[in-house]
Amino acid sequence: MPQGKWFRIGYGIIVVLLIAYLASKVDFLFDPIGDILAALFVPVVLSGMFYYALRPAVRLLAKRLPLAPSILIVFLLVVGLIFLFSWLVWPPIRQQSYTLVHNFPDILEQIRRWLMSLQENPWIRNIGREDSFSTANIASQLSSALGDLLNSVVGSVRGLFNVVMNFFLLLGLVPFIIYYMLKEDHKFPALATRFMPARYHREALEAIREIDASIGSFILGKVITSLVMGTLTFCGYLIIDLPYPLLLGLVAAVTNVVPYLGPLLAGIPAVIVALTISPVAALEVCVVIVISNQIESNLVAPKIMGRQMNVHPLTIMLLIIGAGAVIGPVGMIIVVPAYAIVKIVALRVYRYNRENRIDGAPEFLQQPPSKATPK
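I will try to describe carefully the structure that is included in this document. (Residues numbered from 1 in each chain as written. Predicted model: local features only at pLDDT ≥ 70, side-chain atom pairs only at ≥ 80, totals over all residues. Heavy atoms only, no water.)

### Section: the overall build of the protein chain
In step 1: In terms of regular secondary structure, the protein chain is built from 13 helices and zero strands.
In step 2: Reading the protein chain from its N end, one meets helices and strands in the order α-α-α-α-α-α-α-α-α-α-α-α-α.
In step 3: For the protein chain, the residues scored as buried account for 28% of the 375 residues in total.
In step 4: A sequence separation of at least 24 residues applies to 66% of the contacts in the protein chain between residues at least 6 apart.
In step 5: When the accessible surface of the protein chain is summed, it comes to about 24500 Å², and 71% of that surface belongs to carbon and sulfur atoms. (Helix = DSSP H or I, 4+ residues; strand = E, 2+ residues; numbered from the N terminus. Buried < 20%, exposed > 50% of the residue type's maximum accessible area, 1.4 Å probe, protein only. Contact = heavy atoms within 4.5 Å. Areas by Shrake-Rupley, 256 points an atom, 1.4 Å probe, with all protein chains shown as cover.)

Have a look at this one:
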């Protein structure tokens, strides 16, 4: 049997594919495990996000107080912020949401009338002589598309409501998970390296520190920059007198967690609402979004996030589009941190093998030394 380096790599790939194929044939063993992981995915991911968002405040207080009281104080501050949000911000958001849903058919009709009015333009009239480019046809298609969009949004809201209701069944887990993550975080590196050979501990600990710094910087930075983006767009919408400014500002804050594509996603509903007023209002919305995004990405984000993720913007866009098509909105949020983790681990493994080459072969591809036959 050939024993070359590439043959061994090929054998490894075949073994992995064979294991995956056999695992697919005993799905009755893995389906319960998958169901358990799916049930725990949302609370665990949410706990991890809160862990990284709250950790700086906890560590700051822990310099003067014991760790447990520091965590409890931060928890009380978070509860207070949630109470203030539900008391001051949530009622107008709820009212604007109800108003927008109630007025959505009128918004569609106003946009259709605006498109029909374009027929008075001679240039548009010449283009519209062809049936495929007629303004009436475009207006009909746009109205149909927006109607389908509303139906899908309503269906997504219902699905989200079911997810939220299921999540509340596990809500009691989340504070405890966050508490123990904050209290026991110094034990994570030792726990992660416990089952590794001793010669890999140093490299593994450095990789864990790098991953921790990257993910922590990304999550904390996204929380702060999303708040900044939502505030800037809210103020901009107030200046241009756009309807539903608080609701649309909240949409901008939420969609900002999607890198690079977030402002585009936030601009779609704002432009649709602005078109009910005038094309100039839609242009003003675009200006507000561009200015807010430039302030957030060039002034705020570099000071908070730095270059910890070290992922090219084009790579991020491709990852987000691919993850959104395969997994959905959740994939668009988690794909960048997941890619950063895989990249850090892969580079560490490659660097370690390159530094430990013997006779031109990496350590994991080297053949064990043959025992000398006694004469």
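The discussion continues.
### Some thoughts on the pattern of salt bridges
In step 1: Under the defined criterion, the tally for this structure stands at eight salt bridges.
In step 2: Taking the shortest distance from any N to any O, the salt bridge between Lys187 and Glu184 comes out at 2.9 Å.
In step 3: Shared partners join several salt bridges into a network, and the residues in it are Arg202, Glu203, Glu206, Glu210 and Arg348. (Salt bridge = Lys/Arg side-chain N within 4 Å of Asp/Glu carboxyl O.)

### Let's talk about the packing of aromatic side chains
In step 1: Counted under the stated rule, the structure contains three aromatic pairs.
In step 2: Aromatic side chains Phe83 and Trp87 sit 6.2 Å apart centroid to centroid with 25° between the ring planes, which places their arrangement in the stacked category. With Phe83 and Trp87 both in helix 3 (residues 67-117), this residue pair falls four residues apart, about one helical turn. Neither residue differs from the other here; Phe83 and Trp87 are each classed as exposed. (Phe/Tyr/Trp six-rings, centres within 6.5 Å; stacked < 30°, edge-to-face > 60°.)

### Observations concerning helix 10 (residues 262-275)
In step 1: Taking 1.5 Å as the rise per residue, helix 10 with 14 residues should run 20 Å; its terminal C-alpha atoms sit 20 Å apart, in good agreement.
In step 2: If you look at helix 10, its biggest bend is around 25°, right at Ile268, and the proline Pro269 turns up within four residues after that.
In step 3: The set of residues buried in helix 10 consists of Gly262, Pro263, Ala266, Gly267, Ala270, Ile272, Val273, Ala274 and Leu275. (Expected span 1.5 Å × (residues − 1). Bend = angle between axes of the 7 residues up to and from the residue.)

### Here's the deal with a nonpolar patch on the surface
In step 1: A contiguous nonpolar surface patch, about 460 Å² in accessible area, is contributed by Phe41, Val42, Val326, Ile327 and Val330.
In step 2: The residue Val326 is located in helix 12 (residues 313-326) in this model.
In step 3: The class of Val326 is exposed, set by a relative accessible area of 72%. (Patch = residues over 30% accessible without salt bridge, like charges linked within 9 Å, V, L, I, M, F, W, Y side chains within 5 Å.)

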